[in-house]
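Residue-level structure breakdown
Chain residues, written in single-letter form:
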Amino acid sequence: MNDNELNEMRQQMALLKEKLDRQEIVNDQLVRKAVQGKINVITRMRRVKRFWLIACIIFVPLMLIQAIGLPVWFAVATDLFFALSLFYHEYYMDGIDDHNLSSQGMLQVSQRAARLKRQTRRWLWVGIPLLVVWMLAFCYLINNYTWFNIQDNEIALGLVTGLIVGSFLGFLMYKKQQRMVDDLQEAIDDVQKQ
């Protein structure tokens, strides 16, 4: 009787171990799937930003020169600002992808995500002053080089509305990206702990 109970206990222990191994594999797969989902969201945000920056590089200078009549040098400076933004964004987003989700690859993705978060915060210290300088130059050029007059309510209202809406949308996008990076790092930390 004793040997029978012992064999039954061994079988139950083997079954329990097998179930725990399967549960661990399922948990690992779920966490990896969550990491991949977060990376996919960040990748989509990257593509949206890339699309809008490229569209701005192409169309904004044309509007500034042809529709408004501003000098070519201002349109070129605006294009350079968009190109700098695109380069900066692409450089710091590089390496945050789901091509290599091994434990070593996840560590690199986590490090690059931390760098992205830090550099995005630093970009605000560059982008906001450049935007203020651009807005002041735009107002000056509108007032002095075109038939528009900055005192006209339409131009002032358009500038203020564009500044408010653009700032709000930019802030929402910034916060979403920072939250996604935090979520990605948490998910990677969960995988690393297992």
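Everything in this summary refers to the structure shown in the same document. (Residues numbered from 1 in each chain as written. Predicted model: local features only at pLDDT ≥ 70, side-chain atom pairs only at ≥ 80, totals over all residues. Heavy atoms only, no water.)

With that out of the way, let us pick up empty space enclosed by the protein. Summed over the entire model, instances satisfying the criterion amount to one cavity of 30 Å³ or more. Each pocket or cavity is described by its volume, and for the largest cavity that value is around 30 Å³. Looking at the largest cavity, the residues that line it are Ile42, Met45, Arg46, Lys49, His89, Met93 and Gln177. Elements that contribute at least two residues to the lining of the largest cavity include exactly α1 (2–68) and α2 (72–93). The dominant element in the lining of the largest cavity, judged by the number of residues it contributes, is α1, at four residues. Here the lining of the largest cavity is composed, by residue class, of three nonpolar, two polar and two charged. (1 Å grid on protein atoms, 1.4 Å probe; cavity = no way out; pocket = protein on both sides within 12 Å on 5 of 7 lines; lining within 4 Å. Points joined across faces, edges and corners; volume = space filled by probe spheres on them. Helix = DSSP H or I, 4+ residues; strand = E, 2+ residues; numbered from the N terminus. Nonpolar A, V, L, I, M, F, W, Y, C, P; charged D, E, K, R; others polar.)

The next subject is α2. In this model, α2 (22 residues) spans 31 Å end to end at C-alpha, consistent with the 32 Å of a helix rising 1.5 Å per residue. Those residues of α2 that fall on the buried side of the exposure criterion are Phe74, Ala75, Thr78, Phe82, Ser85, Leu86, Tyr88, His89, Glu90, Tyr92 and Met93. (Expected span 1.5 Å × (residues − 1). Buried < 20%, exposed > 50% of the residue type's maximum accessible area, 1.4 Å probe, protein only.)

Side chains of Val165, Phe168, Leu169, Phe171 and Leu172 sit close together on the surface and give an oily, nonpolar patch of about 500 Å² of accessible area. In this structure, Phe168 sits in helix α4 (residues 153–193). (Patch = residues over 30% accessible without salt bridge, like charges linked within 9 Å, V, L, I, M, F, W, Y side chains within 5 Å. Areas by Shrake-Rupley, 256 points an atom, 1.4 Å probe, with all protein chains shown as cover. Salt bridge = Lys/Arg side-chain N within 4 Å of Asp/Glu carboxyl O.)

Of all hydrophobic cores here, the largest spans 18 residues; its most connected members are Val35, Ile42, Leu184 and Ile188. Excluding anything up to four places from it in sequence, Ile188 contacts Val35, Met106, Val109 and Ser110. In this structure, Val60, Leu70, Met135 and Leu141 belong to the second largest nonpolar core, which totals 13 residues. (Core = buried A, V, L, I, M, F, W, Y, C linked by side-chain atoms within 4.5 Å. Contact = heavy atoms within 4.5 Å.)

There is about 1,800 Å³ of room inside the largest pocket. If you go around the largest pocket, you meet 43 residues; those closest to its centre are Phe81, Phe82, Leu131, Gly166 and Gly170. Every element with two or more residues in the lining of the largest pocket is listed here: α1, α2, α3 (103–145) and α4. Along the lines of polarity and charge, the residues of the lining of the largest pocket split into 30 nonpolar, twelve polar and one charged.

A separate point is the packing of aromatic side chains. Here the structure, examined in full by the defined rule, presents nine aromatic pairs. Look at Phe81 and Phe82: their rings are 6.2 Å apart centre to centre, the planes differ by 50°, and that puts the pair in the tilted class. Judged by relative accessible area, Phe81 falls into the partly exposed class, the value being 22%. With 6.0 Å between their ring centres and 25° between their planes, Phe87 and Tyr91 make a pair best called stacked. Of the two residues, Phe87 and Tyr91 are both situated in helix α2; the distance of four residues between them amounts to about one turn of the helix. On the basis of relative accessibility, which here comes to 56%, the residue Phe87 falls in the exposed class. Members of the aromatic cluster, joined through ring pairs, are Trp73, Phe74, Trp134 and Phe138. The ring of Tyr91 carries Arg115 above its face, with NZ or CZ at 5.5 Å from the centroid. (Phe/Tyr/Trp six-rings, centres within 6.5 Å; stacked < 30°, edge-to-face > 60°. Lys NZ or Arg CZ within 6 Å of the ring centre and 35° of its normal.)

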